[in-house]
Structure formats: structure tokens, C-alpha cells
Amino acid sequence: MFLEKIKINFFRNYEKIDITLNDGINVFVGNNAQGKTNLLEAIYFLATSKSHRNSSDLSLINENFSNMSVMGNIVENKIKTKMEIKYKENKKSLKIDNKEVNNIAEYISFFNVVLFVPDDLCLIKDGPDIRRRYINLQLSQIYSEYLKVLNDYNKLLRVRNDYIYKKKKHEEYNAEYLKILEQYYINKAIIIYKLRKKYVTKVNEYIDDIFYDITGLRGLKISYLPNIEIVNYESEEVKSILLEKFLNFEDEEISYGKSLFGPHRDDFEFLLNNRSLKLFGSQGQIRSAILALKLSEIEILRKVKNHNPILLLDDVFSELDRKKKNNLLKYINKNMQVIITTTDLALINKKLINGAKIFNIRNGCIESIKGEVCGKE
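Residues numbered from 1 in each chain as written. Predicted model: local features only at pLDDT ≥ 70, side-chain atom pairs only at ≥ 80, totals over all residues. Heavy atoms only, no water.

S.K.: Can you tell me about the packing of helix α4 (residues 128–142) against helix α10 (residues 283–305), naming the residues and giving the values?
M.R.: The axes of two packed helices give the description: the angle between them and the distance between them. Closest axis-to-axis distance for the α4/α10 pair is 10 Å, and the angle between their directions is 25°. When the axis of α4 is compared with that of α10, the two are roughly parallel. With respect to the hand of their crossing, α4 and α10 are arranged in right-handed fashion. Only Leu293, Lys294, Glu297, Ile300, Leu301, Val304 and Lys305 of α10 make contact with α4, whose side of the interface consists of Tyr134, Gln138, Gln141 and Ile142. For the contact of α4 with α10, the class distribution of residues is six nonpolar, two polar and three charged. (Axes fitted to C-alpha atoms, helices over the stretch in contact; angles between N-to-C directions. Helix = DSSP H or I, 4+ residues; strand = E, 2+ residues; numbered from the N terminus. Parallel < 35°, antiparallel > 145°, perpendicular 65-115°, else oblique. Left-handed = near helix turned anticlockwise from the far one by under 90°. Contact = heavy atoms within 4.5 Å. Nonpolar A, V, L, I, M, F, W, Y, C, P; charged D, E, K, R; others polar.)

S.K.: Before we move on, could you go through the sheet that holds strand β11 (residues 275–276) and cite the residues and values that matter?
M.R.: On the basis of which strands lie adjacent, the open sheet formed by three strands has the order β9-β10-β11 and antiparallel pairing. Pairing within the sheet leaves two strands with one partner each, and these edge strands are β9 (220–225) and β11. Two elements, β9 and strand β10 (residues 267–272), share six bridges in a ladder whose sense is antiparallel. Counted as the bridge partner of Tyr224 is Phe268 from β10. (Pairing = 2+ DSSP bridges.)

S.K.: Which residues make up the environment of Tyr146, and what are the values?
M.R.: In this structure, Tyr146 sits in helix α5 (residues 144–168). Given a relative accessible area of 0%, Tyr146 falls into the buried group. The spatial distance from the C-alpha of Tyr146 to the C-alpha of Ser109 is 9.9 Å, given a sequence separation of 37 residues. In this structure, Tyr146 is in contact with Asn136, Leu139, Ser140, Ile192, Leu195 and Arg196, ignoring residues within four places of it in sequence. Among the polar contacts listed, one links the side chain of Tyr146 to the side chain of Arg196, at a separation of 3.1 Å. (Buried < 20%, exposed > 50% of the residue type's maximum accessible area, 1.4 Å probe, protein only. Polar contact = N/O pair within 3.5 Å; in protein donor to acceptor, adjacent residues only side chain to side chain.)

S.K.: Give me helix α11 (residues 322–329): which residues, what numbers.
M.R.: For α11, the full list of buried residues reads Lys325, Asn327, Leu328 and Leu329. If you follow the buried residues of α11, they end up packed against α6 (175–215), α10 and α12 (350–353).

S.K.: Would you mind going over the packing of α4 against α5 in detail, with residue names and values included?
M.R.: Look at α4 against α5: their axes get within 4 Å of each other, and the N-to-C directions meet at 135°. Classified by the interaxial angle, the pair formed by α4 and α5 is oblique. Contacts from Asn136, Leu139, Ser140 and Ile142 of α4 reach α5 at Ser144, Tyr146, Leu147 and Leu150. Grouping the constituent residues of the contact of α4 with α5 by class yields five nonpolar, three polar and no charged.

S.K.: Explain the packing of aromatic side chains residue by residue, including any values.
M.R.: The final tally for this structure, using the stated rule, is ten aromatic pairs. Relative to Phe65, the ring of Phe10 has its centre 3.9 Å away and its plane inclined at 20°; by these criteria the two rings are stacked. Of this pair, Phe10 sits in the loop between β1 (2–9) and β2 (16–20) while Phe65 sits in the loop between α1 (36–48) and β4 (68–76); the two residues are 55 residues apart in sequence, bridging distant segments of the chain. Residue Phe10 is classed as buried on the basis of its relative accessible area, which comes to 15%. Residue class for Phe65 comes out partly exposed when judged on its relative accessible area of 32%. Grouped by ring-pair contacts, the aromatic residues Tyr153, Tyr185 and Phe246 constitute a single cluster. Seen from the ring of Phe246, Arg160 lies directly overhead, with NZ or CZ sitting 3.8 Å from the centre. Across the ring face of Phe280, the terminal group of Arg275 is positioned such that the distance to the ring centre comes to 4.0 Å. (Phe/Tyr/Trp six-rings, centres within 6.5 Å; stacked < 30°, edge-to-face > 60°. Lys NZ or Arg CZ within 6 Å of the ring centre and 35° of its normal.)

S.K.: So what's going on with unusual backbone geometry? Residues and values would help.
M.R.: One non-glycine residue, His170, lies in positive phi territory at about 60°. Checked against the element boundaries, His170 lands in the loop between α5 and α6. Under the relative-accessibility criterion, His170 is labelled exposed at 74%. Phi at Asn274 takes a positive value of approximately 65°, unusual for a residue other than glycine. One can find Asn274 in the loop between β10 and β11.

S.K.: Just give me the short version of the side chain of Asn327, but keep the residues and values in it.
M.R.: Counting through the fold element by element, Asn327 comes out in helix α11. A polar atom in the side chain of Asn327 sits 2.9 Å from the backbone oxygen of Asp213. With near-sequence residues (within four places) excluded, Asn327 lies in contact with Asp213 and Ile214.

S.K.: I'd love a proper account of the sheet that holds strand β3 (residues 25–29), names of residues and values included.
M.R.: Adjacent strands of a sheet form backbone hydrogen bonds with each other and so pair up, either parallel or antiparallel. Taken together, six strands build an open sheet; the order of strands is β8-β12-β13-β3-β14-β15 and the sheet is mixed. Every other strand in the sheet has two partners, leaving β8 (113–116) and β15 (365–368) as the edge strands with one partner each. If you compare each strand with its neighbour and ignore which way they point, the axes differ by 20° on average. Pairing analysis gives four bridges linking strand β14 (residues 357–362) to β15, with the strands arranged antiparallel. Paired with Phe359 across the strands is Ser368, a residue of β15. Where α10 meets the sheet, its contacts fall on β8 and β12 (310–314), and the angle it forms with β8 comes to roughly 175°.

Shape is all these values report; function is a separate question.
Here you go:
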């Protein structure tokens with residue numbers, strides 16, 4: 001799978017961009033604040049319908065315009081598919097081969113990308129909501145049913161919270177309906193728990209070996225921390241635990257006015273030799289752990305989806321010493337499309353540059369080193 005062409009209209013600092021990419025290595029060179037990260041964000045947005053920066057759709061529009069669009073041609077097994085996202089008149093539309101896609105789960109699972117940006121350090125350093133959001137998106141790329149289940153769960157969560165709030169305000173509510181609602185809520189929660197556990201297990205099959213290859217250190221793993229104690233992820237046990245929590249902590253939930261138990265309160269912890277990286281890890285260890293996570297995702301997508309995702313690397317080589325750069329090379333598969341940004345070509349290993357397609361970025365304009373202009377019209 002590779003992105004053959006991308007067209008960007010009025011996205012961030014870009015007005016009109018039309019680029020044809022190499023199916024192997026592509027390098028975009030430019031100073032800071034010229035649009036390198038914005039380009040990767042546009043590709044990520046095309047694949048996932050969301051910004052990796054947790055930005056609103058409205059904030060992605062170029063300040064001089066009122067709408068934007070990102071279009072791309074995806075090629076897999078010589079079959080070309082056109083994907084398109086438009087945001088116009090406060091409405092986002094998704095299309096595959098010019099046909100409107102209403103099922104966002106179908107859209108997101110079609111075109112797979114793995115993105116590494118310096119801001120990814122927040123996955124370890126920041127709060128659990130950042131990690132949940134990230135895991136949710138990765139699972140949505142791998143399993144198309146996950147996003148639908150998650151959306152259903154969030155709807156049920158909002159309704160259950162409304163009922164809890166009514167209890168707090170001593171308003172009337174239908175107790176029988178609430179019991180039925182909770183059964184659906186638990187059923188969706190069970191699926192989410194299982195898929196998150198499955199995902200973390202898969203990541204841990206790869207992440208330690210990759211971390212060792214990059215750093216020479218052993219002992220990296222991710223620990224899944226659901227906010228209820230689960231020994232056996234089979235349905236009946238989880239159902240019993242949640243029902244018991246609802247009963248025993250009813251007063252606490254009413255006091256807070258919201259649901260205190262379920263996947264919306266989960267967390268994930270990065271451990272190095274059973275010590276929290278968040279508390280005890282160095283900046284370099286944290287950066288290498290995130291990179292190992294992203295490279296693990298490539299292995300998972302390759303195995304589950306039977307194709308290589310597209311790897312997006314934002315200025316990663318400036319943060320690595322020569323040894324780590326060389327160790328990273330073995331994971332940049334020549335049969336995989338890689339899109340790299342950098343401030344200086346000298347930071348990138350010459351083996352990667354050899355045969356790569358190289359572009360210059362300056363103030364929202366992009367041109368290839370051969371002089372082909374593909375920036376502002």
C-alpha cells in the first residue's frame with residue numbers, strides 16, 4: 001500500500017498543493033515553521049479523518065479561506081483507490097472513489113498510516129485521556145468494528161450519565177430502563193476491554209525487541225490498566241464486576257454525577273524493567289520507547305491487514321545519535337512507503353537518501369529537487 005498522489009486545498013498554511021510521491025522513500029526538507037509537519041498532518045487526516053494534534057476540523061482550515069479538502073490516490077496490489085475528505089459549510093464529508101462514506105469505521109480502516117512526531121512524547125508524559133485516544137485510533141485502523149462499538153459505548157455512557165445526574169438532582173427517571181441500558185453498556189464495555197487487551201498483548205510481542213535494537217536496553221513493555229480489576233476477560237466475569245461496582249458505588253457516582261467505571265477510565269503504562277517510564281525514564285528513553293511503539297504497530301498492521309502501512313516520520317533523525325539512526329534503518333523496509341521530514345538532509349543516513357524522492361518546503365510551497373513546482377498556484 002502506498003500514497004501515489006496527494007492534493008491539498010486550503011489546509012493549514014497550504015493553499016493548493018498537488019504532489020506525486022515515490023512508492024518508497026520520500027524526504028521533505030525545510031526550515032522550521034514552513035509546513036513540514038502540516039504536510040504529514042494532512043496525510044494523517046486523510047487516513048484517519050482526524051488531526052494527530054487533537055485539533056478541531058475548523059482549526060485546520062487556512063486562515064484566508066472558509067473550506068478545505070485533502071484528496072489522495074491509494075495504490076494496493078496495483079489497484080488505485082481515491083480517498084477524499086472535504087470540510088465545507090461546517091460539514092465534513094468522506095468519500096472513497098467519489099462515493100459518500102457514512103460509516104466512518106469503514107473509512108478509517110481502509111488506509112493505514114503510522115505517524116511519529118516529536119509531540120508523541122505526550123503519550124507517556126501526559127494524562128490517560130491522551131493514551132486512550134491514541135489506542136482507540138490504532139484499534140480503529142486495525143479492527144473496523146472497534147470504532148462502531150466505541151461510538152455505541154460513548155452514546156450509552158452519555159445516557160447513563162444523564163440518569164445519574166437525574167438521581168443527583170432527585171428528578172424522576174425510569175429505573176427499569178436504566179437496568180436495560182446498563183446491560184447494553186456492559187456488553188459494549190466487554191468488547192472494548194477484550195480488544196484493548198488483545199492490542200497491548202500484540203504490541204508486547206514486538207516492542208521489547210525493537211527497543212533493544214534501537215537502544216541496546218531490554219525490559220520495555222506496555223501494561224494495560226483497566227479501572228476495574230480483571231483477571232479473566234471472559235464476558236460473565238467482567239459483567240459481574242461492573243454490576244457489583246454499579247451497586248456498591250452508587251452513592252459515589254451520584255455524588256460525582258457521572259459513571260465511574262468502564263473503559264472510558266482506562267489507562268496504559270509504559271514500563272522499563274517494571275519501572276514507570278513516566279516517573280523514572282530519561283528523555284531519550286521515552287523518545288525511543290515511543291519510536292519502538294510505532295514500529296511495533298507496523299508489524300501488527302502488516303500481520304493483521306496483510307499489507308505495509310505508510311510510515312510518517314517527522315524530524316525523527318535530528319533526535320537520534322548515529323548508532324540509533326543506523327539501528328532504525330533495519331525497520332525502514334524498502335518495500336514500505338516512508339515519508340520523512342527534516343531540516344537538514346545531512347541528518348539522514350545516506351542509504352535512505354539514495355533512491356529517495358526529495359522535496360523542498362518553504363512557506364507553504366513545495367517543489368521537487370528536479371525543479372517540478374507543486375506548490376501554490
